Amino acid sequence: MKLQKMMTSALVAFSTLLLVACEKSPEMVTLTGKTMGTTYSVKYIDNGQFQIKSEAMHAGIESVLRDVNNKMSTYIASSELSMFNQYTQIDTPIEISADLATVLAESIRLNKVTDGALDVTIGPIVNLWGFGPEKRTTPESMEEQLEKRRAWVGIEKLVLTQEGEKFFLQKAVPQLYIDLSSIAKGFGVDKVSAYVSSQGADNYLVEIGGEIRAKGKNLEGKDWQIAIEKPSFDGSRAVSQIIGLKNLAMATSGNYRNYFEENGRRFSHEIDPKTGYPIDHRLASITVLADSTMTADGLSTGLYVLGEEKALEVAEKYNLLVYLITKTEKGFEARMSSAFEKLLNSQH
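Only a predicted model underlies this, so the values are computations on that prediction, with no experimental measurement involved.

1. Some remarks on the side chain of Ser300
Inference 1: Tracing the sequence through the fold places Ser300 in helix α8 (residues 293–306).
Inference 2: For Ser300, the residues in contact, after removing those within four places along its chain, are Ala251, Thr252, Ser253, Ile286 and Val288.

Listed below in structure tokens is the structure:
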């Protein structure tokens, strides 16, 4: 009996040892690729409990991103959005996907939050300035063209409705053209995050073109550490602030990367829907934290268009997590909303 107990104990000890030996140390898996005219990166912690290999995870991520592109890209002529933009019937609802409806509903909501500064119907004017699929118009005809295209723009010319589980979209003018470049990347991050999560990842960081969403902890067991870049016009890189991203999303907008110069003037790729002209103010960049990357992405664009003072005013009104960098005569100066400051103080 005693021998049997000793053998059982030895067997249990051996099994435990075998189990410990077979358990894998957590490791960071990084998957990268290209999408939406930029790059993406997905990092997640693999603790050996995954049912799916990293190759299959990568293929799944690529599939999710292809699907988002095929619904929302203005660069793909056959995308769902492009088909709607080419559709010239007015006041005639056409059925759209739940994904496209989700992004449009948030775009309409954020248009109100940002006092009209985020307007996804600005496509015709974005294209006119050469920041969309069309080539830029010559300056001579710009004012005339702007005058004409302003009449095609306005969120009120877009009608989104729902009947049961179906969604419908209609336009009030034939030329209505939607450009989701200010919010679709963020939605793509959210979709990839949901996919990675569905495959068992509890700790991950998803990024597309600088728009980020984080969940859980990094390999060191800390919140994911994200640097907010200090803007520069000479291509150099410097950090303005580091934030621990805890189950939050982050997006940044600025004019120090995407612009063109003409006759000594610098034109930003961010267009003010009220004037039709690229914005011209001191705000160099704005970073927004939110629960979803789609929301952070849309807000960063809209608040950036508003400029420093108005953006802070809106941030305080809606208790938004906002970090701004303004260009002054002395260099770049950082400001933040009270909600962002509170979050920052809680991390120190």
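That shown, we press on.
2. Considerations on the packing of helix α4 (residues 98–113) against α8
Two measures define how a pair of helices packs: the angle their axes make with one another and the distance between the axes.
Inference 1: Where α4 meets α8, the axes come as close as 10 Å, and the angle between the chain directions of the two elements is 40 degrees. It follows that α4 is oblique to α8 by the angle criterion. In the packing of α4 onto α8, the handedness of the crossing is right-handed. Together, Thr102, Val103, Glu106, Arg109, Leu110 and Val113 of α4 and Met294, Thr295, Gly298 and Leu299 of α8 make up the contact between the two elements.
Inference 2: When grouped by side-chain class, the residues that make up the contact of α4 with α8 number five nonpolar, three polar and two charged.

3. Describing the nonpolar core
Soluble globular proteins tend to pack their nonpolar side chains together in the buried interior.
Inference 1: Counting 42 residues, the largest nonpolar core has Leu104, Ile178, Leu180, Ile286 and Leu303 as its most contacted members.
Inference 2: Excluding its chain neighbours within four sequence positions, the residues that come into contact with Leu303 are Thr114, Leu283, Ile286, Val288, Ala311, Val314, Leu320 and Val322.
Inference 3: Within the second largest apolar cluster, 19 residues are counted, among which are Val42, Phe50, Ile52 and Val206.

4. Quick look at the packing of aromatic side chains
Inference 1: A full pass over the atoms with the stated rule returns three aromatic pairs.
Inference 2: With 5.3 Å between their ring centres and 40 degrees between their planes, Tyr323 and Phe340 make a pair best called tilted. Placement of Tyr323 in strand β14 (residues 321–328) and of Phe340 in helix α10 (residues 338–346) is noted, with a sequence separation of 17 residues between them.
Inference 3: The class for Tyr323 is buried, based on a relative accessible area of 2%.

What counts and what doesn't
- Residues numbered from 1 in each chain as written.
- Predicted model: local features only at pLDDT ≥ 70, side-chain atom pairs only at ≥ 80, totals over all residues.
- Heavy atoms only, no water.
- Helix = DSSP H or I, 4+ residues; strand = E, 2+ residues; numbered from the N terminus.
- Contact = heavy atoms within 4.5 Å.
- Axes fitted to C-alpha atoms, helices over the stretch in contact; angles between N-to-C directions.
- Parallel < 35°, antiparallel > 145°, perpendicular 65-115°, else oblique.
- Left-handed = near helix turned anticlockwise from the far one by under 90°.
- Nonpolar A, V, L, I, M, F, W, Y, C, P; charged D, E, K, R; others polar.
- Core = buried A, V, L, I, M, F, W, Y, C linked by side-chain atoms within 4.5 Å.
- Buried < 20%, exposed > 50% of the residue type's maximum accessible area, 1.4 Å probe, protein only.
- Phe/Tyr/Trp six-rings, centres within 6.5 Å; stacked < 30°, edge-to-face > 60°.

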